[in-house]
Amino acid sequence: MKRPPLLLRLRIPGKKRRPGCWLPIFLLLPLALALLIVLAPVMLVVGAVVRRGGWRKRQLSTARVVVGMLCSVGGIMALVGLICSTPGLRVDVTDDDGRFEIAVI
Amino acid sequence: MSESQKKILELLENKKITVDEAQRLLSALRGEEGHHEGHVLRDRTPKPARGKYLRVTVQPDPEHERAGNVDRVNVRVPMSLIRSGMKFSSLLPEEARDKVGGALRDKGIDFDMRNLKPEDFDELIDALSELEVDVRSSDGEMVRVFVE
């Protein structure tokens, strides 16, 4: 069963040896949901503006695709599916400058 | 060979059905036969193991490692993430798909995104399970791409 990501481990290389940090994503998810609800009317307005035109054609086309995808139910479901598929993702790169690490748990 | 299979082949020989139709009938017949044989047959055939993660690793040669080469890459991508990402492409509007198709055709790749179906994604992911790439570079680094 899929579950939303809970923690994000982040380590960025630098001159000082840093231990890395744990970000509690589970605390950010309710905030993101609240933000989504607040931004929903704005998205609708942006969608309407983009549909009617007025911007440069290329930007308009890209914006239409992005807004269309995000505003559709399928798009939101796919986005939720994508976020819920991230637990287990790990990128760990070590070189002379240090270690870069992202891990989603 | 069963009687039904013989009949299908006879129909094909007499050109009463096309090759495609014969193929479809034969596969339907095979499915039916498998169904009749019951769960015993299903239990006997081992299910191919589905990989959970796509791994990309770069490991230095032990000699180079001792000499101070510490470059390492360890990437683990959940297969479900790849599947979810691929599903995004099915949400692309028709005009965007046409543009992608056109750009690919310009590069000499004859690929139509409209032909991609959700079942194809699963098939692609399943095919990835057998992927294994091992490359050893001239400076001894070992690059591995595999599914675990």
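Residues numbered from 1 in each chain as written. Chains lettered and ligands numbered in written order. Predicted model: local features only at pLDDT ≥ 70, side-chain atom pairs only at ≥ 80, totals over all residues. Heavy atoms only, no water.

Description of the side chain of B:Gln5
The residue B:Gln5 is located in helix 1 (residues 3-13) in this model. Other than its neighbours up to four places away in sequence, B:Gln5 contacts B:Leu26 and B:Leu29. (Helix = DSSP H or I, 4+ residues; strand = E, 2+ residues; numbered from the N terminus. Contact = heavy atoms within 4.5 Å.)

A few points about the interface of chain A and chain B
On the chain B side, the residues contacting the 23 residues of chain A number 21 residues. Here chain A and chain B share an interface that buries about 1,800 Å² over both sides, 62% of which is from carbon and sulfur atoms. Linking chain A with chain B are 0 salt bridges, by the criterion used here. One can count 5 residue pairs in polar contact (both at pLDDT 80 or more) joining chain A with chain B. Residues of the side of chain A that touches chain B, tallied by class, amount to 9 nonpolar, 8 polar and 6 charged. In this structure, strand 3 (residues 90-95) of chain A lies alongside strand 2 (residues 72-78) of chain B, joined through 5 bridges in antiparallel fashion. Looking at the pairing, A:Asp92 lines up with B:Asn74 of strand 2 of chain B. (Buried area = accessible area lost by both parts, 1.4 Å probe. Salt bridge = Lys/Arg side-chain N within 4 Å of Asp/Glu carboxyl O. Polar contact = N/O pair within 3.5 Å; in protein donor to acceptor, adjacent residues only side chain to side chain. Nonpolar A, V, L, I, M, F, W, Y, C, P; charged D, E, K, R; others polar. Pairing = 2+ DSSP bridges.)

Thoughts on the sheet that holds strand 1 (residues 53-59) of chain B
Across a sheet, paired strands are connected by hydrogen bonds in the backbone, their directions being either parallel or antiparallel. One open sheet holds the 8 strands; their spatial order is 2(A)-1(A)-4(A)-3(A)-2(B)-1(B)-4(B)-3(B), and the pairing between them is antiparallel. The outermost strands of the open sheet, each flanked by one partner alone, are strand 2 (21-24) of chain A together with strand 3 (132-136) of chain B. Strand after strand, the sheet turns through a mean of 10° between neighbouring axes, direction not considered. As paired strands, strand 1 of chain B and strand 4 (residues 142-147) of chain B are joined by 6 bridges and run antiparallel to one another. (Axes fitted to C-alpha atoms, helices over the stretch in contact; angles between N-to-C directions.)

Describing the nonpolar core
One finds A:Leu8, A:Ile25, A:Leu89, A:Val104, B:Leu54, B:Val75, B:Val77, B:Met79, B:Leu81, B:Ile125 and B:Val147 forming the largest nonpolar core, which totals 11 residues. At the level of elements, strand 2 and helix 5 (79-89) of chain B are the ones that each hand at least two residues to this core. When near neighbours in sequence (up to four residues on either side) are disregarded, A:Ile25 contacts A:Pro5, A:Leu6, A:Leu7 and A:Leu8. (Core = buried A, V, L, I, M, F, W, Y, C linked by side-chain atoms within 4.5 Å. Buried < 20%, exposed > 50% of the residue type's maximum accessible area, 1.4 Å probe, protein only.)

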